[in-house]
Amino acid sequence: MRKLFCLLFLCLSMTLPAQELKFRKNGEFKIVQFTDVHYNGSRQSQVALSVVDSVLQHERPDLVVLTGDVLWGPPGKENLLTVLGRISQYNVPFVYEFGNHDSEMTGMSNRELYNLARTVKNNLLPDLSAQKELDYTLRILSHDGKKTAAVLYCLDSHSYPKGFPKDKSHGTYAWLTFDQVDWYRQQSAAFTKENGGTPYPALAFFHIPVPEYHEAVKNEDAILIGTRRETACSPDFNSGMFTAMHEGGDVMGIFCGHDHDNDYAVMWHDILLAYGRYSGGNTVYNHLPCGARVIVLKEGRRSFDTYIRERKGKVVDESTYPDSYISDDWEKRPLEN
């Protein structure tokens, strides 16, 4: 039965008409971020499929973004199609970026996994066959579909430095390359020019957190919402992506995964640095109830709501960017009765 299920999704191709992403008539656009599904087909990993079911039934989002480590063992094709097929059956558009384990645990390259994901119904993954990196942008149109209202950047944060694990002189995890930083700068500048010099509201999604996650949590004045139970496992080298996004002026928030015991969000120089919630079963270390992060963009505003939806339905850590992360002036508060 599982083989038949996989063959069914292999037969679904990109010849299907692409779905447009648009704000709803109420001016909202809802994204669900699943991360670190760590699916390997075992009984323990089946919990991840129930996370997908529960979150999508509760939220009914406009887009699903998977930020890496979907896979935790072979067979890669069958396991990826199982997870993506479960999402696809809810008829919601989805995109997929990679973690450090997807190719490591399956023997398939990220490009092979990417092309496989493009065969699944409801994917929005563009053809990147002529592109070195598996990075892409998505436009979200206004509710009337007449103009671009927001932009999403989706990037491959790779896995390990060259020579690792024998050579550990470059740290444990890879970094976004200078080429990727340059790609972002070009994309951002083009979008801003298109919009008459005003940056579109934008979000960025990838797997491994940038080093600025360390800096943000060391700031005693920073407002941190959520759980921090481990050090951010970011690269040792900083290639400047955060600085580029700060200068670009479009990215409001960066959303990553990778660290299973973190789900917090914290502001750093006007950009929200946030984790998703671990979405897998008991196949690898985890100490938070599995679930997903939800992000609700607001049309025409540089603002969004975000919270964690747990598998059993509970909502925690609700906040609004930027208001929840800015300290008010206590001297100007109205008098309380």
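In case you missed it, the structure is sitting above this.
For the structure given in this document, a descriptive report is provided here.

Reading the values: rules and limits
- Residues numbered from 1 in each chain as written.
- Predicted model: local features only at pLDDT ≥ 70, side-chain atom pairs only at ≥ 80, totals over all residues.
- Heavy atoms only, no water.
- Pairing = 2+ DSSP bridges.
- Helix = DSSP H or I, 4+ residues; strand = E, 2+ residues; numbered from the N terminus.
- Contact = heavy atoms within 4.5 Å.
- Axes fitted to C-alpha atoms, helices over the stretch in contact; angles between N-to-C directions.
- 1 Å grid on protein atoms, 1.4 Å probe; cavity = no way out; pocket = protein on both sides within 12 Å on 5 of 7 lines; lining within 4 Å.
- Points joined across faces, edges and corners; volume = space filled by probe spheres on them.
- Nonpolar A, V, L, I, M, F, W, Y, C, P; charged D, E, K, R; others polar.
- Core = buried A, V, L, I, M, F, W, Y, C linked by side-chain atoms within 4.5 Å.
- Buried < 20%, exposed > 50% of the residue type's maximum accessible area, 1.4 Å probe, protein only.
- Salt bridge = Lys/Arg side-chain N within 4 Å of Asp/Glu carboxyl O.

Attention now moves to the sheet that holds strand E10 (residues 271-275). On the basis of which strands lie adjacent, the open sheet formed by seven strands has the order E4-E5-E6-E8-E10-E9-E7 and mixed pairing. The sheet is open, and its two edges are formed by strand E4 (136-141) and strand E7 (224-225), each paired on a single side. Where strand E6 (residues 202-205) and strand E8 (residues 251-256) come together, four bridges link them in parallel fashion. When the bridges of E8 are listed, Ala202 appears paired with Val251. Along the sheet, helix H7 (residues 241-248) contacts E6, E8, strand E9 (265-268) and E10; its crossing angle with E10, the most-contacted strand, is approximately 135°.

Turning our attention to the layout of surface pockets. Think of a ball as big as a water molecule: rolled over the atoms, this probe shows where empty space is left. Taken as a whole, the second largest pocket encloses approximately 220 Å³ of empty space. Surrounding the second largest pocket, 13 residues form its lining, Ala149, Asn195, Tyr200, Pro201 and Gly300 being those nearest its centre. In terms of residue class, the lining of the second largest pocket is made up of four nonpolar, five polar and four charged.

Let's shift gears to the nonpolar core. Ranked by size, the top nonpolar core spans 67 residues in total, and within it Ile31, Phe34, Leu66, Tyr96, Leu203 and Leu297 carry the most contacts. Here the element with the most residues in this core is helix H2 (residues 47-59); it accounts for six residues. When neighbours within four sequence positions are excluded, Tyr96 is seen to be in contact with Leu66, Val70, Leu71, Leu80, Asp102, Leu113, Ala117, Leu125 and Tyr136. Ranked by size, the runner-up nonpolar core spans 29 residues in total, among them Tyr153, Val181, Phe242 and Leu273.

Okay, the pairing of E4 next. In summary, the side chains of a regular strand alternate between the two faces of the sheet. Taken together, the six bridges between E4 and strand E5 (residues 148-154) define a ladder with antiparallel strand orientation. Paired with Thr137 across the strands is Tyr153, a residue of E5. Counting the residues that bridge the hairpin from E4 to E5 gives six residues, and of these Gly145 lies at a positive phi of roughly 75°.

It is worth spelling out the pattern of salt bridges at this point. A full pass over the atoms with the stated rule returns 13 salt bridges. Linking Glu194 and Arg139 is a salt bridge whose minimum nitrogen-to-oxygen distance equals 2.8 Å. On the criterion of sequence distance, the pair formed by Glu194 in helix H5 (residues 178-194) and Arg139 in strand E4 is long-range, its members being 55 residues apart. For Arg139, a relative accessible area of 37% puts it in the partly exposed group. Within the structure, one salt-bridge network assembled from shared partners comprises Glu28, Lys298 and Asp305.

These values are about where atoms sit, not about what they do.
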